[in-house]
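Now for the letters of each chain:
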Number of protein chains: 2
Amino acid sequence: MPREITKFFIEEIETAIELNDATSVLTNLEELYPADIATVLYELNAEKSKYVLDLLDPEVSSEILSGLDADTRNNFLKNFTSEEIARYVNLMESDDAVDVLNEQNVQVREEVISLLDNEEKAADIIDLLHYEEDSAGGLMAKELIKVNINWRVGQCIEEIRRQAENVEQVYGVYVVDDKNKLLGRLGLKALILANDSTPIRQLYDPDVISIETYKKDTEVVDIMQKYDLDSIPVVNAQGKLLGSITIDDVLDVMQEQAETTMQLITGVTENIEEDDSIFRLSRARLPWLLIAMLGGLVGARLIKVFEAEISLVPAMAMFTPLITATGGNVGIQSSSLIIQTLANNSIILDNLMQRLLKVILVALINAVIISGLVLSFNILFKEDLRLSFVVSTALFSVVLLSSVMGTVTPMVLDKFGINPAIAAGPFITTANDLLGLAVYFFVAHLLLL
Amino acid sequence: MPREITKFFIEEIETAIELNDATSVLTNLEELYPADIATVLYELNAEKSKYVLDLLDPEVSSEILSGLDADTRNNFLKNFTSEEIARYVNLMESDDAVDVLNEQNVQVREEVISLLDNEEKAADIIDLLHYEEDSAGGLMAKELIKVNINWRVGQCIEEIRRQAENVEQVYGVYVVDDKNKLLGRLGLKALILANDSTPIRQLYDPDVISIETYKKDTEVVDIMQKYDLDSIPVVNAQGKLLGSITIDDVLDVMQEQAETTMQLITGVTENIEEDDSIFRLSRARLPWLLIAMLGGLVGARLIKVFEAEISLVPAMAMFTPLITATGGNVGIQSSSLIIQTLANNSIILDNLMQRLLKVILVALINAVIISGLVLSFNILFKEDLRLSFVVSTALFSVVLLSSVMGTVTPMVLDKFGINPAIAAGPFITTANDLLGLAVYFFVAHLLLL
C-alpha cells in the first residue's frame, strides 16, 4: 500500500542527503512507489533531487522522471549532463522519452539522441519528434505488440514473448498484414482462451477503431472516452500501424484540458502551477486584469457622459455595482454552460435558434425574479420610485442581454476554431459590465429626464 | 471506423421509425457502434428511442443504456415496464446495473430486482446497492477474475475460461487465498508467457494497490491516476476482495468532477446539462444571482453612507465599476489557482505563510502595474488629481486584499471539508465587490475630506 508522505518524512530524507547518508536515503525510499518518490522530489531542490535519482536504480529513476510534470523535470535535468539524461531516456517508453527531449534545447536534444545506445529506440524517438506535441502522433508510443494475420496462436505467443519486455502494460495485440497495414485487434482474453494451433485469422476482431497521426489530442480523448477504449492504434494515411496511445496518456491530457479551460474562464492565460515563479504567475494574470482595467476606464468615460443624470439623481450611483455585477455573473454562467456543451460536442449545436430561444426563456425567468425582488427591496427602503423602476428595468434587460451575449460569443469563437473558454470569464464579464452601464444609463436617460 | 452522425442521418432514422419501417432502421443502425447509436438516441424522443432499443439485439441495447447519461436514461426508461428494464439489467455489468437501478424509484427498483432471472447477478446488485454512489463501493463492479494462490497456471487458465464470459475487458487476474483475502495481482502478460505447470505463487505480484469500499470516488481517481492503474481491486476492512473498478469508470468521474468544479466557479449550483428543463436551468443559476443581488443591494447601502463624498466629488461614481470589477477578477483568478492546487492535493499546503507571502508578492506586482497605469490614464484625461490618487490607492489595496481573500477562503473551506469551488466565482466576486467599494470610499473619505 502507498505510504503517506509527511512533511516530517521529507525533512528526514533531506537531512540524510545533507549528511550524504546514502544508505538511509535508500532504505527510506525503497518501500515507496515511484509516484511517491516523485512526490518527495517535488519538495526537494534540484541538487538534492539529483542526489536521489543518482542513488536509485536507473529503471526506477527513469520511471520517476517520466512521471514528473514538465516544469519540475526541466528544472531537475538542468543539473544533468547529456550522458546522464541519455542513460535515463534509454530506459523510457518512446512517448515519455520524446516528452523529455522536447523540453530540452536543440543542442542537448541532439546530444542525448546521439548518445542513446539502444539503436531501435533512437530511431523511434527521432521518428516521434516529427509530430506535433498535441497530436495523436505526439501522444503515441512506438512500443506495441503486433502479430501477422497469417500466424497461429502459437507463433503469436512466441512473438509476444519477444516483444513484451519493451511494453510495460499489454492491453491487446494488433493484427497487421505483411505490409504492416492494421487489420484488427486481438484481445488477450481471446488469446488466453485459444489453443496454439488456432489461426489468428479466425480469432482476431477486424472491427478496430484507429486514429490518424495528425488528429488533435483532444479528439483522441473524445474517441477513447466515447468508445471506452483502453488503448487505440495510431495509423498513417495508408492505414499502416505506427504506434498506440494508452489510456494513462489520455488521463493526463484530460486533466490538462480541464485545468486550461478553468484557468481561461477564470482569467489566467498561461497554464501555470502554483509553484511557478512569481513573475510567471503575475504575467499569466495580467492580460485579463488589463482588459478589465480598460473596460473600467471606458466605463468611467461612459458614466461621465451621463453626469447630467447622476447630478440630477445622485442616488443613481448607488446601483451601478448591482447592475454591473449581475451582468457579469449572468454572462459567465451562460458562457460556462455553452462551453461545457461545446466540449461534449453534442451535435445539437446545429439548431442555434432553438438554443437561443431556450437561453432567453431561462434568462426571462431569472430576470423577472431578480428585478422584481430588487424593486420590492427599493420600495421597502423608500428609494425614489422612478429610480427604483429605472434600476429594475435596467437589471431586467441586463440579465437578458448578458445571457445572450454569454451564449453567443463562445459559439461564434468556436465556429472560428478559437477556444471558446477564452471568451468566458473576465472578457465576457468586462463586456457585460459595460453593457450593463450603458443599459442602466440609457434607461435612466429615458425615464428620468 | 465510427461513422459521423449527421442531422440528415437522424432525420432518416426518424422517418423510418414513423413509417414503422423496422428493417431500414436496423440496416441504418447495424453499422454503428453502440456509443454512436446512443448519440442518435439523444436526438430522438423517448417513444422513438424505445422503438429503436426494442428492435436492437438486447445485448446492444443494454450496452447503450449503460452508456447513456443518467437524465436521458431516466427519461427513456419511463416508458419501459419493469419486465423490460429487468431484461436489459440482466445483461449489464453489475456496476452499470446498479447505476440504472439507483435512478429508479424504490418500487420499480424492487420489481426489477425480483424479476432478474440471473440469480448471481441479482445477489451482486443487491449487495452493491448498499454502497454510497460516490464511494469506491458505489463505483466497483462485482465481475472480476480471481484465482487461488495455491493453483498453477493451467487451473488459472481454466478458471479464466469459466469467468471470462461475464467480464467484458480483462485487465488482470486477482490472486486470493482460501478466505478470499486479496494477496496480489497476476498480469495477463505474465500469464501468457508462463507455462501451465508454473505455480501462481511464483508468478504473481504481491505488491498490489487496493482501495477500501468506503473511500470517496475522487480518491479512487487520484490513486488510479497517480499510480497509472488501469483497474484497482476493492476490498473490505479485512482485506477481502469484493470487486474492482476499471479505468473507464474513472474517466467518467474525472469528467464530472471537472464539470462540477467549473460550474461551481461560474456560479451554477446544480450539475446541469444544456438540455435540461428551463426551470431546472433557471433554478441552478438563481442562488448565485440572488447572493450577488444581495451583495449589490448592500453595496448600494454602503454607497449611500458615503453620499457626502460623492456629492462633493460626483466624478467618484465614475470609478466604482473599475474598482469592483478589478476586485472581482483578481479574486476569481486567485481562487481558481488555489482550487487547482488543492485538487492536485500537493502537500505543500502545510506552509500557509509561505504560500500567502508568494500570493502577496504576485499581487503586489500586478497592483503596482494596474494602479500605476490607471493613475497615468487619469492624469492624461485631466481628472481631478486628488481623485486620481484616491482611485489608484483604492485599486492598489483592492488587488492585494482580493488576492489574499481569493486564496484564503477556498483553503479554509477545504480545511473544513467543504468543496472550495463553492467559494470561488460569484461568492468571492460579490465579496470582493463590497470589499472594493468599502476600500474605495474609505480611502476617499481619508484623502478627500
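Small disclaimer: the values here were computed from a predicted structure and weren't measured.

Colleague: It is not clear to me how the overall build of chain A should be interpreted in this structure. Could you clarify?
Modeller: Counting its regular elements, chain A contains 22 helices and 6 strands. Seen through its C-alpha atoms, chain A measures out along the principal axes to roughly 90 × 65 × 40 Å. Counting the 449 residues in chain A, one finds 56% classified as buried. Considering only intrachain contacts with a sequence separation of at least 6, the fraction spanning at least 24 residues in chain A is 66%.

Colleague: Would you mind going over the environment of Gln-354 of chain A with me for this structure?
Modeller: Within the secondary structure, Gln-354 of chain A sits in helix H20 (residues 352-380). Gln-354 of chain A sits 85 residues away from Thr-269 of chain A along the chain, and the two C-alpha atoms are 32 Å apart.

Colleague: Sorry, what's going on with the packing of aromatic side chains here?
Modeller: Within a pair of aromatic rings, the relevant descriptors are the distance that separates the centres and the angle that separates the planes. For the structure on display, the rule yields 8 aromatic pairs over all chains. Each ring, one from Tyr-33 of chain A and one from Tyr-227 of chain B, has its centre 5.3 Å from the other, and the planes form 65°; the classification is edge-to-face. Of this pair, Tyr-33 of chain A sits in the loop between helix H2 (22-30) and helix H3 (34-43) while Tyr-227 of chain B is found in the loop between helix H15 (217-226) and strand S5 (231-235), placing the two residues in two different chains. Under the relative-accessibility criterion, Tyr-33 of chain A is labelled buried at 13%. Note on Tyr-440 of chain A and Phe-441 of chain A: the rings are 5.2 Å apart at their centroids and 40° apart in plane angle, and the pair reads as tilted. Judged by its relative accessible area of 1%, Phe-441 of chain A falls in the buried class. Through a chain of ring-to-ring contacts, the aromatic side chains of Phe-306, Tyr-440 and Phe-441 of chain A assemble into a single cluster.

Colleague: Help me understand the nonpolar core in this model?
Modeller: The nonpolar side chains of a soluble globular protein tend to be buried with one another. In terms of nonpolar packing, the biggest core is built from 124 residues, with Ile-245 of chain A together with Ile-245 of chain B touching the most fellow members. Sequence-distant contacts of Ile-245 of chain B, defined by excluding residues within four places in its chain, comprise Ala-136, Leu-139, Met-140, Val-220, Met-224, Asp-230, Ser-231, Ile-232, Val-234 and Val-250 of chain B. The next biggest cluster of nonpolar side chains, apart from the first, holds 69 residues, and it includes Met-318, Ala-363, Val-374 and Leu-437 of chain B.

Colleague: Could you clarify how one ought to interpret the UniProt feature "transmembrane region" (unreviewed entry) in chain A in this entry?
Modeller: Residues and elements named next belong to chain A. When the UniProt feature table is mapped to this numbering, "transmembrane region" (unreviewed entry) covers residues 286-303, 315-339, 359-381, 387-409 and 421-443. Taken end to end, residues 315-339 has its terminal C-alpha atoms 38 Å apart, with 80% of it in helix and 0% in strand. Overall, residues 387-409 shows 100% helix and 0% strand. The separation of its end C-alpha atoms is 32 Å.

Colleague: What should I look at first to understand the relation of the copies chain A and chain B in this one?
Modeller: Both copies of the chain are related by one operation, a rotation about an axis with a shift along it. Its rotation angle being 180°, the transformation that places chain A on chain B also includes 0.0 Å of axial translation and leaves an RMSD of 0.1 Å. Here the two chains are linked by the operation of a two-fold rotation axis. When the interface residues of chain A are mapped onto chain B, 99% of them again fall at the interface, so both copies present the same face.

Colleague: Sorry if this is basic, but what is going on with unusual backbone geometry here?
Modeller: Peptide bonds are trans in most cases, and residues, glycine excluded, mostly fall at negative phi. One non-glycine residue, Asp-228 of chain A, adopts positive backbone phi at about 50°. If you trace the backbone, Asp-228 of chain A turns up in the loop between helix H15 (217-226) and strand S5 (231-235).

Colleague: Could you clarify how one ought to interpret the interface of chain A and chain B in this entry?
Modeller: The accessible area lost on association of the parts is a frequent measure of interface size. Residue-level contacts link 114 residues of chain A with 114 residues of chain B. Across the chain A-chain B interface, the total number found is 6 salt bridges. For Lys-304 of chain A, the salt bridge goes to Glu-383 of chain B, with nearest N and O atoms at 3.7 Å. Inspection of the chain A/chain B interface yields 16 residue pairs in polar contact (both at pLDDT 80 or more). Broken down by element, the residue count for the side of chain A that touches chain B peaks at 18 residues, all from helix H17 (residues 278-305) of chain A.

Colleague: Which parts of the structure should I look at to understand the pairing of strand S2 (residues 172-176) of chain B?
Modeller: Side-chain direction in a regular strand flips from residue to residue, so the side chains alternate between the two faces of the sheet. Residue and element names in this part refer to chain B. The buried fraction of S2 is high, at 5 of 5 residues. The alternating pattern of S2 places Gly-172, Tyr-174 and Val-176 on one face and Val-173 and Val-175 on the opposite face, and all of these are buried. Bridge analysis of strand S1 (residues 146-148) against S2 gives 3 bridges, and the strand direction is parallel. Counted as the bridge partner of Val-147 is Val-175 from S2. With 5 bridges joining them, S2 and strand S3 (residues 182-187) adopt antiparallel strand pairing. Bridging from a neighbouring strand, Val-175 pairs with Gly-184 of S3. Turn length for the S2-S3 hairpin, with the two strands adjacent in sequence and antiparallel, is 5 residues, and the turn residue Asn-180 shows positive phi of about 65°.

Colleague: Just checking my understanding: could you explain the packing of helix H1 (residues 7-18) of chain B against helix H4 (residues 46-55) of chain B for this structure?
Modeller: The axes of two packed helices give the description: the angle between them and the distance between them. All names here are of chain B. At their nearest, the axes of H1 and H4 sit 11 Å apart, and the two run at 80° to each other. On the basis of their axis angle, the class for H1 and H4 is roughly perpendicular. Facing Glu-14, Ile-17 and Glu-18 of H1, the residues of H4 in contact are Lys-48, Tyr-51 and Val-52.

Colleague: Explanation requested: the sheet that holds strand S6 (residues 241-246) of chain A in the structure shown.
Modeller: Residues and elements named next belong to chain A. Read across the open sheet, the 3 strands follow the order S4-S5-S6; overall the sheet is mixed. Of all the strands in the sheet, just strand S4 (211-212) and S6 have a single pairing partner and so form its edges. Of the strand pairs in this sheet, S4 and S5 are connected by 2 bridges, and their pairing is parallel. Bridge assignment links Glu-212 to a residue of S5, and that residue is Val-235. Strand contacts of H15: S4, S5 and S6, with the helix running at about 135° to S5, the strand carrying the most contacts.

Colleague: Looking at this model, I keep getting lost on the domain arrangement of chain A. Mind explaining?
Modeller: According to the domain assignment, chain A consists of domain 1 (7-130), domain 2 (145-246) and domain 3 (278-448). For domain 2 of chain A and domain 3 of chain A, the distance between their C-alpha centroids amounts to 52 Å.

Colleague: Any chance you could explain helix H9 (residues 106-115) of chain B here in plain terms?
Modeller: Residue pairs three or four apart in sequence face the same way in an α-helix, which turns once every 3.6 residues. Residue and element names in this part refer to chain B. Val-108, Arg-109, Val-112 and Ile-113 are the residues of H9 that are buried. Buried residues along H9 cover an arc of 130° about the axis, so they all sit on one side. Set apart from the buried face of H9 by more than 90 degrees, the exposed residues are Val-106, Gln-107 and Ser-114. In the core, the buried residues of H9 are packed alongside helix H7 (82-89), helix H8 (94-103) and helix H10 (119-128).

Colleague: Help me understand the side chain of Asn-329 of chain B in this model?
Modeller: Structurally, Asn-329 of chain B can be placed in helix H19 (residues 320-343). With sequence-adjacent residues up to four places away left out, Asn-329 of chain B is seen in contact with Leu-289, Ala-292 and Pro-426 of chain A.

Colleague: Explanation requested: the environment of Glu-133 of chain A in the structure shown.
Modeller: Residues and elements named next belong to chain A. In this fold, Glu-133 is placed in the loop between helix H10 (119-128) and helix H11 (136-139). Remark: the alpha-carbon pair of Glu-133 and Asp-99, spanning 34 residues in sequence, is separated by 8.1 Å. Residues in contact with Glu-133, not counting those within four places in the same chain, are Asn-102, Gly-138 and Leu-139.

Colleague: Just checking my understanding: could you explain the sheet that holds S5 of chain B for this structure?
Modeller: Sheet strands associate in pairs through backbone hydrogen bonding, adopting either a parallel or an antiparallel arrangement. Residues and elements named next belong to chain B. Across the sheet, which stays open at both edges, the 3 strands sit in the order S4-S5-S6 with mixed pairing between neighbours. The open sheet has two edge strands, strand S4 (211-212) and strand S6 (241-246), and neither has a second partner. Across the sheet, H15 touches S4, S5 and S6, and the angle it forms with S5 is around 135°.

Colleague: Sorry if this is basic, but what is going on with the packing of helix H19 (residues 320-343) of chain A against helix H22 (residues 426-448) of chain A here?
Modeller: All names here are of chain A. For the pair H19 and H22, the least separation of the axes is 8 Å and the interaxial angle reads 135°. Comparing their axes, H22 and H19 come out oblique. Taken as a pair, H19 and H22 cross one another with a handedness that is right-handed. On H22, the residues that touch Thr-320, Ile-323, Thr-324, Gly-327, Gly-328, Gly-331, Ile-332 and Ser-335 of H19 are Ile-428, Thr-429, Asn-432, Asp-433, Gly-436, Leu-437, Tyr-440 and Phe-441. Looking at the contact of H19 with H22, its residues break down into 6 nonpolar, 9 polar and 1 charged.

Colleague: Before we go on, may I ask you to explain the pattern of salt bridges in this structure?
Modeller: Should their charged atoms come close, side chains of opposite charge can pair. Summed over all chains, the structure comprises 26 salt bridges over all chains. The partner of Arg-73 of chain A in a salt bridge is Glu-103 of chain A, with the nearest N and O atoms 2.5 Å apart. In this pair, Arg-73 of chain A sits in helix H6 (residues 70-77) while Glu-103 of chain A sits in helix H8 (residues 94-103), placing the two residues 30 residues apart along the sequence. Here Arg-73 of chain A and Glu-103 of chain A have matching classes, each one buried. Ionic pairing is found between Asp-36 of chain B and Lys-226 of chain A, a salt bridge with its closest N-O pair at 2.8 Å. Within this pair, whereas Asp-36 of chain B is found in helix H3 (residues 34-43), its partner Lys-226 of chain A is found in helix H15, the two belonging to separate chains.

Colleague: I'm lost on a nonpolar patch on the surface in this one. Help?
Modeller: All names here are of chain A. Nonpolar side chains collect at one region of the surface, where Ile-379, Leu-385, Phe-389, Phe-442, Leu-446 and Leu-447 lie side by side and expose about 590 Å² of accessible area between them. Every element with two or more residues in the nonpolar patch is listed here: helix H21 (385-415) and H22. For the nonpolar patch, the element with the highest residue contribution is H22, accounting for 3 residues. Within the element layout of this structure, Phe-442 appears in helix H22.

What counts, and where the lines are drawn
- Residues numbered from 1 in each chain as written.
- Chains lettered and ligands numbered in written order.
- Predicted model: local features only at pLDDT ≥ 70, side-chain atom pairs only at ≥ 80, totals over all residues.
- Heavy atoms only, no water.
- Helix = DSSP H or I, 4+ residues; strand = E, 2+ residues; numbered from the N terminus.
- Buried < 20%, exposed > 50% of the residue type's maximum accessible area, 1.4 Å probe, protein only.
- Contact = heavy atoms within 4.5 Å.
- Phe/Tyr/Trp six-rings, centres within 6.5 Å; stacked < 30°, edge-to-face > 60°.
- Core = buried A, V, L, I, M, F, W, Y, C linked by side-chain atoms within 4.5 Å.
- UniProt positions renumbered as here; feature names shortened; annotations may be inferred.
- Least-squares fit on C-alpha atoms with pLDDT ≥ 70 in both.
- Salt bridge = Lys/Arg side-chain N within 4 Å of Asp/Glu carboxyl O.
- Polar contact = N/O pair within 3.5 Å; in protein donor to acceptor, adjacent residues only side chain to side chain.
- Pairing = 2+ DSSP bridges.
- Axes fitted to C-alpha atoms, helices over the stretch in contact; angles between N-to-C directions.
- Parallel < 35°, antiparallel > 145°, perpendicular 65-115°, else oblique.
- Domains from an automatic or database assignment.
- Arc of directions from axis to C-beta.
- Left-handed = near helix turned anticlockwise from the far one by under 90°.
- Nonpolar A, V, L, I, M, F, W, Y, C, P; charged D, E, K, R; others polar.
- Patch = residues over 30% accessible without salt bridge, like charges linked within 9 Å, V, L, I, M, F, W, Y side chains within 5 Å.
- Areas by Shrake-Rupley, 256 points an atom, 1.4 Å probe, with all protein chains shown as cover.

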